[in-house]
Amino acid sequence: MNELKRLTVFCGSSEAVDRLYFDAVEELGKVLAEMKIEVIYGGGNVGLMGKLARTVLDHGGRVTGIIPRKIYDNVTHIELTELIIVETMHERKAKMYESGDGFIALPGGIGTLEELTEIFTWYQLEYHNKPIGLLNTKNYYAPFNNMLEHMVSEGFLHKRYMEPLLSEENPRSLIERIKDHSVPLMNKWKQDIGDRI
Ligand code: AMP
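Every residue gets a number counted from 1 within its own chain, in the order that chain's sequence is written. Where local features are concerned, this predicted model is filtered to residues with pLDDT of at least 70; where side-chain atom pairs are given and counted, the filter is 80 or more; whole-chain, interface and lining totals use all residues. To get the side-chain values, all heavy atoms of the structure are used, and hydrogens and water are removed first.

Draft legend 1. Local environment of the overall build of the protein. Counting its regular elements, the protein contains seven helices and seven strands. When the helices and strands of the protein are read in sequence order from the N terminus, they spell out β-α-β-α-β-α-β-α-β-α-β-α-β-α. The C-alpha atoms of the protein give a radius of gyration of 17 Å, which matches the 16 Å a tight globule of 197 residues would have. Sorting the 197 residues of the protein into buried and exposed places 47% on the buried side. Contact definition: two residues touch when any of their heavy atoms are within 4.5 Å. A fraction of 71% describes how many contacts in the protein between residues 6 or more apart in sequence connect residues 24 or more apart. Note on areas: Shrake-Rupley with a 1.4 Å probe; residue coverage comes only from the protein chains shown. On the protein, roughly 10000 Å² of surface is accessible, and the fraction owed to carbon and sulfur atoms is 51%. Taking the 23 positively charged and 29 negatively charged side chains of the protein as two groups, their mean positions are separated by 2 Å. Where helices and strands are cited, they refer to DSSP runs of H or I of at least four residues and of E of at least two residues respectively, numbered from the N terminus. Radius of gyration means the value over C-alpha atoms here, while the globule rule gives 2.2 Å times the residue count to the 0.38 power. To sort residues, take the accessible area from a 1.4 Å probe on protein chains only and compare it with the maximum for the residue type: under 20% means buried, over 50% means exposed, and anything in between is partly exposed. When charges are tallied, Lys and Arg are placed among the positive residues and Asp and Glu among the negative ones, while His and the ends of the chain are skipped. The location of each charge is read from NZ of Lys, CZ of Arg, CG of Asp or CD of Glu.

Draft legend 2. Summary view of the sheet that holds strand S4 (residues 82–86). Criterion used throughout: strands pair if DSSP finds at least two bridges between them. Within the open sheet, the seven strands sit side by side as S4-S3-S2-S1-S5-S6-S7. Their pairing is parallel. Of all the strands in the sheet, the pair left with one neighbour each is S4 and strand S7 (165–168). Ignoring strand direction, the axes of neighbouring strands in this sheet form an average angle of 25°. Geometry is summarised by axes, namely lines fitted to C-alpha atoms with helices restricted to the contacting stretch, and by angles between N-to-C directions that run from 0 to 180 degrees. The strands that helix H7 (residues 171–180) touches are strand S1 (6–10), strand S5 (102–105), strand S6 (132–135) and S7; relative to S7, the one it contacts most, it runs at about 160°.

Draft legend 3. Spotlight on the side chain of Thr 8. Tracing the sequence through the fold places Thr 8 in strand S1. For Thr 8, the side chain forms a polar contact with the main-chain nitrogen of Gly 100, separated by 3.3 Å. For Thr 8, the residues in contact, after removing those within four places along its chain, are Ile 40, Met 96, Ser 99, Gly 100, Gly 102, Phe 103 and Ile 104. What qualifies as a polar contact is a pair of N or O atoms within 3.5 Å, subject to a donor-acceptor requirement within protein and to the restriction that residues adjacent in sequence count only when both atoms come from side chains.

Draft legend 4. Focus on the packing of aromatic side chains. Stacked, edge-to-face and tilted are the three classes for Phe, Tyr and Trp ring pairs, Trp counted by its six-membered ring, which pair at centre distances within 6.5 Å; planes under 30 degrees apart are stacked, over 60 edge-to-face, the rest tilted. Enumeration according to the criterion identifies eight aromatic pairs in this entry. Seen in terms of ring centroids, Tyr 97 and Phe 103 are 6.3 Å apart; in terms of plane orientation they differ by 90°. Their pairing is edge-to-face. One exposure class covers both Tyr 97 and Phe 103, and it is buried. Pairing Tyr 97 with Trp 122 gives two aromatic rings, centres 4.8 Å apart and planes at 90°, and the pair type is edge-to-face. With Tyr 97 in helix H4 (residues 89–99) and Trp 122 in helix H5 (residues 110–124), the pair connects residues that are 25 residues apart, well separated along the chain. The class of Trp 122 is partly exposed, set by a relative accessible area of 30%.

Don't take any of this as a statement about function, it's just geometry.
The following block contains the structure:
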């Protein structure tokens, strides 16, 4: 069982998405508040980012936002438990990555995909061994999961690197699986040469 006090969440900022995505995030926010799991996220006020932060706060939970000054200066704000203003996107991501005991990606756009693939890459390179969950509302992550399977079958990704990844449509099941999932630390540099990708 993992200690899951703080969860870093990557999520879309678009408002122009199906109601179902907002409903799933609302459910997730309630579960996180109930389980007393603090949310670390990008500090946004819009889309699924805003929905998650507001729901967790409304249900008595804790939310920390980490936002670059350039974005901070251009958006309106939710009163969060804590807001950390940093200078660069790289600083923001580093802080988000080190702060969470695990990660989840909610449905999102390019920004979310970038954060998800970066943290997944860092696992392969032995920078962490934290679980990575996908909230698979409306089977949103099916094309991403297919792409990963394609990488494995074509030999570009070893299936051992899939260890941290969990995909669930139901928010509560996703969090419960993350809590139960212990991820081995990879050591890419010590694999047999013939087995190395
Ligand atoms: P996307 O998945 O393309 O919607 O991008 C989500 C990412 O966009 C977030 O993690 C942030 O880096 C950034 N972002 C976009 N809009 C905002 C906002 N209003 N406040 C904070 N971050 C934002």
